[in-house]
Every structure is written in structure tokens, then in C-alpha cells.
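The residues making up each chain are set out below.
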Amino acid sequence: MKKKVNTISSCIIVKNEIDNIPNLLDDLRKFSDEIIVVDTGSTDGTLEYLTEQNDIVLTRFDWIKDFAAARNFSFSQATKDWIFWCDADDRIPDDLVDAILKQKSKLNKGKHNAYYIDYLFGPDIIVPRIRLIKRDTNPTWYGRCHEFLWGDDINYDDVVFHDKGYILHQRDTGNNPFQNSDRNIKIFIHQLLNNPETMSLRDICYFSNELRDNGYMDKAYLIAKNVFTDPDLPITEGLMLLFNTCNYIWIQNEYFCDEAIETILTFINNYETRNELLRKDVYGLLAFYYNIKGDLDNAKVYAQKAIDTPMHANKESFSYVEYFGEILPNEILNN
């Protein structure tokens, strides 16, 4: 019997990406059996360039300020066994291409039907995201902005391409890796004004995140601090707000120590109540603020908690804050 060869549809959505799309298509051609490109309203020559590419499936989708809707449309055009997705300003290095090609013949073996690939976004930010998923799981995107992928039959417990290379984000944003345009803020404001009932906790977290990235720190902090009181706050978004928004405000204003300690204790209690494993740097951050306040007894308690907590599996995603759980405890315990 002839061995089945797995096939891959690569799906991307684009708008005004003439500087990026030629190189990305060259990357995708190395492992894709089908390339789906959905244009959402380009005016810079992207659409004209794509029209000349005879080896892609080109469709158009009217932009409705909803990334999930556009990505779901792109997935609906796919016809192959597996779907790979990325953005137009991503690059697929050769070592990752080789890993995907080697994995192609093994994709139908075992229980796994979705695979993570590490995403290098900025010099120190590594985010594992599901990038390759079996089409018959009916994968669906949710969220108008900072969308996420979900499916009832998806197994989420495998990081197949870890240490096999990264998807690289190409836009150089200078000294601030978080700096964004105001595009995403406008999407969230449109959602608040027209469909406020659809704003999930996750949406609110990312709205705070976008406010922070665009310099509205006080507004971002107000939202973040209030969200921490919700026991259903997703842990990933909670960590993002804790370290990237709240800690920035606290560390600039040492007189916020009491507020920092109260907020972090609430955060810890919510997740310990849910029996979720916290990263060690959360306890280290609490020790840090107890130390600033001069409460060395509690600083030592939480520093030891940081030391005793196992290193989180996805620690690399937040490597730039790990020193709270690694360096600080030893300094305190040696006092």
C-alpha cells in the first residue's frame, strides 16, 4: 500500500504588505501544498502583485475590524489535510522549514492534531503558538483583535518544533518591542461602542495592553488593576498585565508598594484557589515589593516560595522578567 503523504495549506491574511509578501511566499513555497492568501483591502500594490502569482489561491475579504473573521474565512478556503498559518511580516527560516518537511510524514501518527511553533517577537520575547493544525478539527478563531484559535477536538499538549527554529517577526520597532500603531486600539473602541456585550475578559486585558503600548499608562493600569479582582481572569493574560503594565507603574512609583502587594496577593489567591501552577517569578515579584517596603520577613517567605516553585514550562516566553524569581531571592536570603 502506498504511504499517504500529508498535505499542508498555508493561510495568510494581508493588507498593504508589498514589502513583505514576496519573501514570505518564497518561504511558504518550500513546504506548502497550497497557499491561501486573503486580501482585506490593499491599496499599495499588494493585490496587483498577488494577482500575478499563479501558484497561490487569492481571495478577497472586506475588512470589518475583526481579525478572527478574516482568519476564519482564510481557513474556510483550505482544502489540504493540515493548515499552517502566519502573518505577512513573518519569516520561516530554513531550519524551521526543514523541521516541518521532516515532520510532514509523521503528522497523522499518534493523538496529536495541533502543533506549537515558537514565535520570536522582539529580541527577548518568545511565544509558542499553535501554527499547524489538522483541518478536520474545524479550528475556529475567536476575538476581533489578538485573536486565538480553538477547537473542541484539538489536543493542546505538544510542542513539536520547540528548539527546531522560530517563526521570525520582521518589523523592527526600535528600542520599544511593544510599540504599536493605534490600529488595535481603534478596533477595541469600535467594539466597545457598537458591541460592548461581546467584550470578554481576554479582550479587556488586551485593550489594557494596547493602551499601554501606545503610551496611555494610567488608563491601562486602571483597567489592569480592576481586572485582577475577577476570579475568572485567564492566567496568560493575567501574567501579561502583571509584569508588563502593573509592574511598570509600581516600579516607577515606590510609594505604590502597598497597592502592588495587595494586587499580587489577590492574583496569587485566585490561581492557587483554581489549583493552577504559577510561575516562580510571580512569588519573586511579591518578595521584591515586600523587600522595598522593608518587610524582610514576608520578603524571605515569598523569596523561598519562588525558589521552591518549579520552573514553568513556558518560561522562555517571559525570560526578561525571570530575574525576579532567580536573582532576588538569593539576595534577600543572604541578608
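It should be noted that the structure appears before, not after, this text.
For clarity, every value in this text was computed on a predicted model and none was experimentally measured.

S.K.: Looking at this structure, I do not really get the packing of helix H8 (residues 235–252) against helix H9 (residues 257–273). What am I missing?
M.R.: Relative orientation and spacing of two packed helices are given, respectively, by the angle between their axes and the distance between those axes. Contact geometry of H8 with H9 gives a least axis separation of 11 Å together with a crossing angle of 170°. Taken together, the axes of H8 and H9 lie roughly antiparallel to each other. Contacts from Ile235, Gly238, Leu239, Leu242 and Trp250 of H8 reach H9 at Glu259, Ala260, Thr263, Ile264, Phe267 and Tyr271. In terms of residue class, the contact of H8 with H9 is made up of eight nonpolar, two polar and one charged.

S.K.: Explanation requested: the nonpolar core in the structure shown.
M.R.: Formed by 65 residues in total, the largest nonpolar core has its most connected members in Leu242, Trp250, Ile264, Phe267, Leu278, Val282 and Tyr289. The dominant element in this core, judged by the number of residues it contributes, is H8, at nine residues.

S.K.: Quick question: what am I supposed to make of the packing of aromatic side chains here?
M.R.: Each aromatic ring pair is specified by the distance between its two centres and by the angle formed by the two planes. This model, assessed by the stated rule, comprises 15 aromatic pairs. Considering the side-chain rings of Tyr221 and Trp250, the 6.5 Å spacing of their centres and the 90° angle between planes classify their relative orientation as edge-to-face. Remark: Trp250 occurs in helix H8 and Tyr221 occurs in helix H7 (residues 217–227); sequence separation between them is 29 residues. Assigned by exposure class, Tyr221 and Trp250 land together as buried. One aromatic cluster in this structure is built from Tyr221, Trp250, Phe256, Phe288 and Tyr289. Just above the ring of Trp141 sits the side chain of Arg71; from NZ or CZ to the centre is 5.4 Å. Its guanidinium or amino end placed over the ring of Tyr283, Lys305 lies 5.2 Å from that ring's centre, counting from NZ or CZ.

S.K.: Where do I start with the side chain of Thr46 in this structure?
M.R.: The residue Thr46 is located in helix H2 (residues 46–51) in this model. Here Asp44 takes part through its side chain, which lies 2.6 Å from a polar atom of the side chain of Thr46. Setting aside chain neighbours within four positions, we find Thr46 in contact with Val14, Asn16, Glu17, Ile18 and Asp39.

Here is what the cut-offs are and how they apply
- Residues numbered from 1 in each chain as written.
- Predicted model: local features only at pLDDT ≥ 70, side-chain atom pairs only at ≥ 80, totals over all residues.
- Heavy atoms only, no water.
- Axes fitted to C-alpha atoms, helices over the stretch in contact; angles between N-to-C directions.
- Helix = DSSP H or I, 4+ residues; strand = E, 2+ residues; numbered from the N terminus.
- Parallel < 35°, antiparallel > 145°, perpendicular 65-115°, else oblique.
- Contact = heavy atoms within 4.5 Å.
- Nonpolar A, V, L, I, M, F, W, Y, C, P; charged D, E, K, R; others polar.
- Core = buried A, V, L, I, M, F, W, Y, C linked by side-chain atoms within 4.5 Å.
- Buried < 20%, exposed > 50% of the residue type's maximum accessible area, 1.4 Å probe, protein only.
- Phe/Tyr/Trp six-rings, centres within 6.5 Å; stacked < 30°, edge-to-face > 60°.
- Lys NZ or Arg CZ within 6 Å of the ring centre and 35° of its normal.
- Polar contact = N/O pair within 3.5 Å; in protein donor to acceptor, adjacent residues only side chain to side chain.

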